[in-house]
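Residues per chain are reported as follows:
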Amino acid sequence: SEKGKACKKAYAQSEKRKASQKAWAQSEIGKAYQKVYKAVLRRTGDREQAQIAGKQAAALIRKTNIAKNNEVGSTSISPLPRRFSVVKLKEYLQSRSNLSHPE
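Computed from a prediction, not measured in an experiment: that's the story for all the values here.

A short note on the nonpolar core
Okay, so step 1: Grouped together as the largest cluster of nonpolar side chains are 12 residues: Ile29, Ala32, Tyr33, Val36, Tyr37, Val40, Ala50, Ala53, Ala57, Ala58, Ile61 and Leu89.
Okay, so step 2: Sorting the residues of this core by element identifies helix 3 (28-44) and helix 4 (47-70) as the ones contributing at least two each.
Okay, so step 3: The element best represented in this core is helix 3, accounting for 6 residues.
Okay, so step 4: Apart from the residues within four sequence positions on either side, Ala32 is in contact with Ala57 and Ile61.

Digging into the environment of Ile29
Okay, so step 1: Among the secondary structure elements, Ile29 is positioned in helix 3.
Okay, so step 2: Assessed through its relative accessible area of 19%, Ile29 is described here as buried.
Okay, so step 3: Remark: the alpha-carbon pair of Ile29 and Gly54, spanning 25 residues in sequence, is separated by 9.5 Å.

Some points on the packing of helix 3 against helix 4
Okay, so step 1: Their axes nearest at 8 Å, the elements helix 3 and helix 4 cross at an angle of 150 degrees. In terms of axis orientation, helix 3 runs roughly antiparallel to helix 4. Read as a crossing pair, helix 3 and helix 4 show a hand that is right-handed. Here helix 3 contributes Glu28, Ile29, Ala32, Tyr33, Val36, Tyr37, Val40, Leu41 and Thr44 to the contact with helix 4, which in turn contributes Arg47, Gln49, Ala50, Gln51, Ala53, Gly54, Lys55, Ala57, Ala58, Ile61, Arg62 and Asn65.
Okay, so step 2: A class-by-class count of the residues in the contact of helix 3 with helix 4 yields 12 nonpolar, 5 polar and 4 charged.

Regarding the confidence of the model for the protein
Okay, so step 1: Of all residues in the protein, 70% have pLDDT values of 70 or greater, and the mean over the chain is 81.
Okay, so step 2: Per-element confidence in the protein ranges from a low mean pLDDT of 65 for helix 5 (residues 86-100) to a high of 93 for helix 3.

Points about the pattern of salt bridges
Okay, so step 1: Using the criterion set out here, one finds 1 salt bridge in the structure.
Okay, so step 2: For the salt bridge of Glu15 with Lys18, the shortest nitrogen-to-oxygen distance reads 3.9 Å. Separated by 3 residues within a single helix, Glu15 and Lys18 lie in helix 2 (residues 15-26), roughly one turn from each other.
Okay, so step 3: Owing to a relative accessible area of 59%, Glu15 belongs among the exposed residues under this scheme.
Okay, so step 4: Relative accessible area serves as the criterion here: at 45%, Lys18 is assigned to the partly exposed category.

Conventions and cut-offs
- Residues numbered from 1 in each chain as written.
- Predicted model: local features only at pLDDT ≥ 70, side-chain atom pairs only at ≥ 80, totals over all residues.
- Heavy atoms only, no water.
- Core = buried A, V, L, I, M, F, W, Y, C linked by side-chain atoms within 4.5 Å.
- Buried < 20%, exposed > 50% of the residue type's maximum accessible area, 1.4 Å probe, protein only.
- Helix = DSSP H or I, 4+ residues; strand = E, 2+ residues; numbered from the N terminus.
- Contact = heavy atoms within 4.5 Å.
- Axes fitted to C-alpha atoms, helices over the stretch in contact; angles between N-to-C directions.
- Parallel < 35°, antiparallel > 145°, perpendicular 65-115°, else oblique.
- Left-handed = near helix turned anticlockwise from the far one by under 90°.
- Nonpolar A, V, L, I, M, F, W, Y, C, P; charged D, E, K, R; others polar.
- pLDDT = per-residue confidence, 0-100.
- Salt bridge = Lys/Arg side-chain N within 4 Å of Asp/Glu carboxyl O.

Right, here's the structure in full:
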């Protein structure tokens, strides 16, 4: 609808949106997404794979944070390693794409 489009346009140009984007980029989740996205994009040149990898890194951080907040002794989520293996991540993403697009 016209009203919805106008609201989206107004929000896109608002200070509130700019502030929330900046806060996300500086958050632990945002930093993890950006780090993995940039590394995969440099290695593969494929934006779609980089987005998927970034989202997976962000999801892992969220799960880790949930586990820390719950403080349940039986959770089996390991923390992110200091350096991730881009090669292994690339192999994993390629194997997933081969499964979804059989030749």
